[in-house]
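# Descriptive structure summary
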Amino acid sequence: LAAAAAAAPATAAPIPPAAAPMASMPMASMPMASMPMASMPVGAAGTFGQPPPVAPIVPPPGIPPAEPARGLYAASVLHGHEDIVYSLAWDPVTCTLFSGGRESNLLMWDKAGMQKNKMALPGYSTAAIDCHKRGNFVGVGGMPVEGHAVPPMVAFFDVAQNWKSRCMLPRTGAGLISTIRFMMTEAETFLTAETGLDGSNIIAYWDLARGGANEPVHVYRDQLSMISTLGVTAAHPNLAISGTGDGSMLVYDVRTPTSVGALGLADPSGAVRGHSSAVTCVDVMGDIVLSTGLDAHVNVWDLKMMHSSAAGGARPTVGPMASILVEPTPDVPIFKVAYANSPRPTLAAFASVNSLNLLDWSTSMTNPQLVPCTNFADPNVAGLQYHEIKWAPGASMGQPGTATLLAASEKPYIAAFSVL
């Protein structure tokens, strides 16, 4: 996040058309219930500060209206780590949690929050984790711990081998692996976002079925700033959405050699950006994309709009359905948003430098309800900055019959929250 905040905006380079159609701070003193919220609805075109009108948002067919969320409550704490936890991954197939951080271990937990396994990563901390859609395979982006002169690497653990390391791919020449994402297909394909020792920023596309994946199948080099996040969705299993330090959000189809579109609006320089500053997180469920940035906004996008936004074969560029200021001022960083695996399609959670909240647009997309965490009496969860949050459907770490949100902070444990 610090690197993303320091990244200077740069004008985006022209990108060819798609080759094929795509498919530790205290809580804020202002009571959240009285916090002013600004919403900037925009359509498929426009510029920052000049949004055109937007049509009313109609809920997807077959989705019944939902009662707004009533609150986010601290439920339990998972102990087992020895140091700060950086990354979480929830596998909805097996109801298993994977967690990693500064220590050289990857921990595995069952749905009740009991530790089941510990996988060693000698010499490495865990920068990122993701689970394959089949539920039998997990990938880890590892960064060398202090004193170990080794390159960053990607490691894989497989249930078929009793969760022992299946393979490890060193990334010589890389200075940072910021994220790893499995594609939402049956194949063992995945993406890594990397910053090189030479300052280059790439997205590498890998296939473990191709000769052990010693080298990526393809490398995308059309990002000018550090790639901080990648989002994928089962609705478009070959697509990925990136977020970068200069605020840009490009869309990739792994079947094509370049990006196939962008999410954003033109800034005064003419560059298309999804946020006015660094993008910190992208999370996707179905066709809906949520993104956060250092600009205190949660932006909402619809991938279906990309099919109708291109003219004459041009690369499609889509503006947000809504751009929601969720903090009192636009200089408050939003660290993460959790949307994938949410208990319903109109509910997300976000973590800022000040607070942990739910964002509920079951009644209105352009004027959503902000629901804060109201039970910070537990000193284990009070006054923390949560830099990682994930929904955990099927977990039983909170109150019976409630949805569970998992969160990691600078503490050596994981907090579980219930949504009531």
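Residues numbered from 1 in each chain as written. Predicted model: local features only at pLDDT ≥ 70, side-chain atom pairs only at ≥ 80, totals over all residues. Heavy atoms only, no water.

### Describing the overall build of the protein
Definition in use: Counting from the N terminus, the helices are DSSP H or I runs at least four residues long and the strands are E runs at least two residues long. Partly exposed describes any residue whose relative accessible area lies between the buried limit of under 20% and the exposed limit of over 50%, with all areas from a 1.4 Å probe on protein chains only and scaled to the type maximum. All accessible-area figures derive from a Shrake-Rupley calculation using a 1.4 Å probe, and residue coverage is judged against the displayed protein chains alone.
Counting its regular elements, the protein contains two helices and 32 strands. Counting every position in the protein, which comprises 420 residues, the buried fraction comes to 54%. Summed over all atoms, the accessible surface of the protein reaches about 16300 Å², with 57% contributed by carbon and sulfur.

### Some details on the confidence of the model for the protein
Caution is warranted with low-pLDDT regions, since their predicted coordinates should not be read in detail. Convention followed: Think of pLDDT as the predictor's per-residue confidence, scored from 0 to 100. By definition, residues are in contact when any of their heavy atoms lie within 4.5 Å.
Looking at the protein as a whole, its pLDDT mean stands at 81, while 79% of the residues score no less than 70. Overall, residues 1–65 carries pLDDT values under 50, and its contacts beyond four positions in sequence, including any with other chains, amount to 129 contacts.

### A look at the sheet that holds strand β6 (residues 115–120)
Filter applied, for reference: By the convention used here, strands pair only if DSSP detects at least 2 bridges between them. Between N-to-C directions, angles span 0 to 180 degrees; the directions come from axes that are lines fitted to C-alpha atoms, helices contributing only their stretch in contact.
Spatially, four strands are ordered β3-β4-β5-β6 in an open sheet, and the strand pairing comes out antiparallel. In this open sheet, the two strands that pair with only one neighbour each are β3 (85–91) and β6. Neighbour-to-neighbour, the strand axes of the sheet open up by a mean angle of 20 degrees, direction not taken into account.

### A look at the nonpolar core
We count it as follows: In plain words, nonpolar cores are sets of buried Ala, Val, Leu, Ile, Met, Phe, Trp, Tyr and Cys residues tied together by side-chain atoms within 4.5 Å.
Membership of the largest hydrophobic core comes to 20 residues, with the highest contact counts inside it found for Y386, I389, L405 and F417. When residues of this core are traced back to their parent elements, those giving at least two are β2 (72–79), β27 (347–352), β28 (356–360), β29 (369–375), β30 (388–391), β31 (403–408) and β32 (413–419). Element by element, the count of residues in this core is highest for β32, at four residues. Counting 18 residues, the second-largest nonpolar core is a separate cluster that includes L290, Y339, W361 and L370.

### Points about the environment of V284
Relative to the helices and strands, V284 is located in strand β21 (residues 279–285). On a C-alpha basis, the gap between V284 and T233 in space is 5.7 Å, while along the polypeptide they are 51 residues apart. Dropping the residues within four chain positions of it, V284 is found in contact with G231, V232, T233, I241, V289, L303, Y339 and A340.

### Observations concerning the packing of aromatic side chains
Aromatic rings in a pair are described by how distant their centres are and how their planes are angled relative to each other. Put simply, the rule is: The rule is short: rings of Phe, Tyr and Trp, with Trp giving its six-membered ring, pair when the centres are within 6.5 Å, and they are stacked under 30 degrees, edge-to-face over 60, tilted in between.
One pass over the full model with this rule turns up ten aromatic pairs. Geometrically, the ring pair formed by F182 and F190 is edge-to-face, given 6.1 Å between the ring centres and 65 degrees between the ring planes. An identical accessibility class is assigned to F182 and F190; each is buried.

### Observations concerning the sheet that holds strand β11 (residues 174–182)
Strands sit in the order β11-β12-β13-β14 across an open sheet of four strands; the sheet is antiparallel. The open sheet has two free edges, formed respectively by β11 and β14 (218–220), since each of these has just one partner strand. Geometrically, the sheet is characterised by an average inter-axis angle of 25 degrees between neighbouring strands, direction not taken into account. Pairing analysis gives three bridges linking strand β13 (residues 201–207) to β14, with the strands arranged antiparallel.

### Some points on the side chain of N357
What counts, and what does not: The definition of a polar contact used here is a pair of N or O atoms within 3.5 Å, where within protein one atom must be able to donate a hydrogen and the other to accept one, and adjacent residues in sequence count solely through side-chain atom pairs.
Relative to the helices and strands, N357 resides in strand β28. A distance of 2.7 Å separates a polar atom in the side chain of N357 from a polar atom in the side chain of S355.

### Considering the environment of H387
You can see H387 is positioned in the loop between β29 and β30. Taking the C-alpha atoms as reference points, H387 and A407, separated by 20 residues in sequence, lie 7.7 Å from one another. The contacts of H387, once residues within four sequence positions are left out, are I84, V85, Y86, F335, K336, A408, S409 and E410. At 3.5 Å, the side chain of H387 and the backbone oxygen of S409 are in polar contact.

### Structural notes on the pattern of salt bridges
Quick note on the threshold: What counts as a salt bridge is simple: a side-chain nitrogen of Lys or Arg found within 4 Å of a carboxyl oxygen of Asp or Glu.
Counted under the stated rule, the structure contains 13 salt bridges. Ionic pairing is found between R166 and D158, a salt bridge with its closest N-O pair at 3.2 Å. Take R166: its relative accessible area is 29%, and that puts it in the partly exposed class. For D158, a relative accessible area of 9% translates into the label buried. One salt bridge in this structure joins R166 and E188, with 2.7 Å as the shortest N-O distance. Here R166, found in strand β10 (residues 164–170), pairs with E188, found in the loop between β11 and β12 (189–196); they are 22 residues apart in sequence, far enough to count as distant. E188 gets classed as buried once you look at its relative accessible area, which sits at 16%. Here the residues in one salt-bridge network are R134, D158, R166 and E188, joined through shared partners.

### What about unusual backbone geometry?
A positive phi angle, near 55 degrees, is found at C95, a position not held by glycine. Taking relative accessible area as the criterion, C95 reaches 18% and is therefore assigned buried. In this structure, A296 takes a positive phi of about 70 degrees despite not being glycine. Turning to its location among the elements, A296 is positioned in the loop between β22 (288–293) and β23 (297–302).

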